[in-house]
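Here is how the chains run, residue by residue.
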Amino acid sequence: MSIRNLIFIGLFLLGMVIAMVPENTTKPYKLTAEDMLIEVQGAAEMVDADEVAHWIISKDPSLQLIDVRSPDEYQTYHLDGAINIPLSVILKDEYLDYLDQGIKMNVLYSNGTMNSHQSWMILRQLGFENNYVLQGGLNYWFDTIMNPQAPSVYSPNEEFAKYDFRKAASGALGGGGVVAMSAPAKTKADKPKVIRKKKKKAPAGGC
Amino acid sequence: MGPLVPQEIIGASWNLFIAFGIGIGFGFVLEQAGFSSSRKLAGMFYGYDTVVLKVFFTGAITAMLGLLFFSLFGWIDLSLIYVNPTFIWSAIVGGIIMGAGFIIGGFCPGTSVCAAAIGKIDAMVFIGGIVLGIFFFAEGYPLLKDFYMAGSFGPIKVSDVLGISGGVMAFLVIIAALVMFKLGELAEKKWPREEY
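Note that the coordinates shown come from a computational prediction; the quantities given were computed from them, not determined experimentally.

Each value, and the rule that gives it
Residues numbered from 1 in each chain as written. Chains lettered and ligands numbered in written order. Predicted model: local features only at pLDDT ≥ 70, side-chain atom pairs only at ≥ 80, totals over all residues. Heavy atoms only, no water. Helix = DSSP H or I, 4+ residues; strand = E, 2+ residues; numbered from the N terminus. Contact = heavy atoms within 4.5 Å. Areas by Shrake-Rupley, 256 points an atom, 1.4 Å probe, with all protein chains shown as cover. Salt bridge = Lys/Arg side-chain N within 4 Å of Asp/Glu carboxyl O. Buried < 20%, exposed > 50% of the residue type's maximum accessible area, 1.4 Å probe, protein only. Pairing = 2+ DSSP bridges. Axes fitted to C-alpha atoms, helices over the stretch in contact; angles between N-to-C directions. Parallel < 35°, antiparallel > 145°, perpendicular 65-115°, else oblique. Left-handed = near helix turned anticlockwise from the far one by under 90°. Nonpolar A, V, L, I, M, F, W, Y, C, P; charged D, E, K, R; others polar. Patch = residues over 30% accessible without salt bridge, like charges linked within 9 Å, V, L, I, M, F, W, Y side chains within 5 Å. Lys, Arg positive; Asp, Glu negative; His and termini not counted. Charge placed at Lys NZ, Arg CZ, Asp CG, Glu CD. Right-handed = clockwise from strand over helix to strand, strands pointing away. Buried area = accessible area lost by both parts, 1.4 Å probe. Polar contact = N/O pair within 3.5 Å; in protein donor to acceptor, adjacent residues only side chain to side chain.

A. Spatial organisation of the overall build of chain A. When you go through chain A residue by residue, the secondary structure sums to nine helices and five strands. In sequence order, the secondary structure elements of chain A are arranged as α-α-β-α-β-α-β-α-β-α-β-α-α-α. Contacts in chain A between residues far apart in sequence, at least 24 positions, make up 67% of those at least 6 positions apart. Counting only carbon and sulfur atoms, one obtains 58% of the accessible surface of chain A, whose full area is about 12,200 Å².

B. View of the pattern of salt bridges. Residue and element names in this part refer to chain B. Scanning all chains against the criterion turns up eight salt bridges over all chains. One salt bridge in this structure joins Asp49 and Lys40, with 3.6 Å as the shortest N-O distance. In this structure Lys40 comes out as buried when scored by relative accessible area, which is 17%. Two residues, Lys54 and Glu185, come together in a salt bridge whose shortest N-O distance is 3.4 Å. Note that Lys54 is positioned in helix H3 (residues 51-72) and Glu185 in helix H9 (residues 166-190), a separation of 131 residues in sequence.

C. Molecular detail of the sheet that holds strand E3 (residues 83-84) of chain A. All names here are of chain A. Taken in spatial order, the five strands of this open sheet run E1-E5-E4-E2-E3, and their pairing is parallel. The open sheet terminates on both sides in strands that have one partner only, identified here as strand E1 (46-47) and E3. Across three bridges, the pairing between strand E4 (residues 105-109) and strand E5 (residues 131-134) is parallel. The residue bridging Val107 from the neighbouring strand is Tyr132, located in E5. Contacts from helix H6 (residues 114-125) reach E1, E4 and E5 within the one sheet, and its direction differs from that of E5 by about 165°.

D. Main features of the packing of H3 of chain B against H9 of chain B. Residues and elements named next belong to chain B. Their axes nearest at 10 Å, the elements H3 and H9 cross at an angle of 165°. As summarised for this structure, H3 and H9 are arranged roughly antiparallel, according to the angle between their axes. The interaxial crossing formed by H3 with H9 has left-handed handedness. For the pair H3 and H9, contact is made by Val51, Leu53, Lys54, Phe57, Thr58, Ile61, Met64, Leu65 and Leu68 and by Gly166, Gly167, Ala170, Val173, Ile174, Ala177, Met180, Phe181, Glu185 and Glu188, respectively.

E. Highlighting the packing of helix H3 (residues 49-57) of chain A against helix H8 (residues 157-172) of chain A. Residues and elements named next belong to chain A. Closest axis-to-axis distance for the H3/H8 pair is 10 Å, and the angle between their directions is 45°. As the angle between them shows, H3 and H8 are arranged oblique. Seen from above, H3 lies across H8 with left-handed handedness. Across the interface between the two elements, Asp50, Ala53, His54 and Ile57 from H3 touch Lys162, Phe165, Arg166, Ala169 and Ala172 from H8. Its residues assigned to classes, the contact of H3 with H8 shows five nonpolar, one polar and three charged.

F. Molecular detail of a negative patch on the surface. On the surface, a cluster of negative charge is made up of Asp97, Asp100 and Glu129 of chain A together with Glu8 of chain B. As for its placement among the helices and strands, Asp97 of chain A is situated in helix H5 (residues 96-99).

G. The arrangement of the pairing of strand E2 (residues 63-67) of chain A in detail. Residue and element names in this part refer to chain A. For E2, the tally of buried residues reaches five of five residues, placing the bulk of the element in the interior. Alignment of E2 against E4, held across five bridges, turns out to be parallel. By the bridge assignment for E4, Gln64 is matched with Asn106. Summarising the sheet, E2 and E3 pair through two bridges and their orientation is parallel. What sits directly across from Asp67, in E3, is Asn84.

H. Highlighting unusual backbone geometry. Residue and element names in this part refer to chain A. Residues other than glycine seldom take positive phi values, yet Ala43 does so here, at roughly 55°. Looking at the element boundaries, Ala43 is found in the loop between helix H2 (33-42) and E1. Positive phi is not limited to glycine here, since Lys59 has a value of about 50°. Looking at the element boundaries, Lys59 is found in the loop between H3 and E2.

I. Just the pairing of E4 of chain A, in detail. All names here are of chain A. Most of E4 sits inside the fold, with five of its five residues counted as buried. Alternating positions in E4 separate into two faces, Met105, Val107 and Tyr109 on one and Asn106 and Leu108 on the other, with burial throughout. With H6 bridging E4 and the parallel E5, this β-α-β connection has right-handed handedness.

J. Summary view of the interface of chain A and chain B. Taken together, the contact pairs 16 residues of chain A with 20 residues of chain B. With both sides pooled, the region where chain A packs onto chain B buries about 1,700 Å², and carbon together with sulfur makes up 72% of that total. On the chain A side of the contact with chain B, Phe8, Leu11 and Ile18 of chain A bury the most area, a combined 34% of that side's loss. Note that Arg4 of chain A and Glu185 of chain B form a salt bridge whose closest N and O atoms lie 2.6 Å from each other. Linking chain A with chain B are one residue pair in polar contact (both at pLDDT 80 or more). Looking at the side of chain A that touches chain B, its residues break down into eleven nonpolar, two polar and three charged.

That's the geometry; what it means functionally is another story.
Here you go:
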């Protein structure tokens, strides 16, 4: 038999094999277990609630909040500008453009941090970048940003600065309306300035 | 793992460098197989030489089987492979113009560059024609735009339209290719030419 006919038969057989096997439709994970362990230990996916509050108030265009809770919970309450991509449907193609992109910074949040972390793990292993997790989730958000507790008088100045910022942020984001308390000793001159800015924006944000 | 370039396992600059190497290899193989002779391409239409059909179809089948088996083994993510969007009317008209150019000029765009490289004057004239065609198309684009964009189907695949798996489609293409190869050889016997 000539080489040519052998190749003919070979191609034919390979074609038969590929016609009979099912198509491989699995989305392969791009990160190995070792890569993932390093990522998880680095905890670089966490973003601070204070930072997120600052971005929301300053209307940072690169921020994309993603609510991974159920649509009902999303309807009841969600952060300003958040879109709803529940964990159960996160692999659907219609959300792919939001989750696999290189422009915006996606911040995932849920009530605690479990569901948001689960979402983040899946997205990260698929090789998607620019996805982050809101540290502490919505519960922590309410405790710290929306209803901040005044630090004790012996606290370091940074604590007071943080508290002042949270007070202002809470006003801007529609939280409890207690009067802001200033630190006994001011650390930096620009800190109060930032707060005043927030207060001016408060009515706009509240509406 | 793959595809290597969209996943940035191979960077953009290496991509061009590798493409350059593949291009040189492709040109060498074309020339070495005698494709820089316009008689060889014209033979396809007159039936005395069907090597062009066999070579390009074999290349297509090899690439097709390779992609499908790589996908089967999880070596490549087919969803990341670029699929050309289909504009049905411009595809049909463009195919007719290109086919006519094949017979009249005796080259396809790739083989014309190959033949020009070994100094064939008709191939250089052919390339001049390509450049002129590009120029007039670009200048006339506002007039042609509506037709050019008509019948847009997006990046569809025949297998999706027919509702069969990519593997079955590949098998059908292989059978079609083998049948065409046999027909081509019959044609070569029926309309032989001694010297060309």
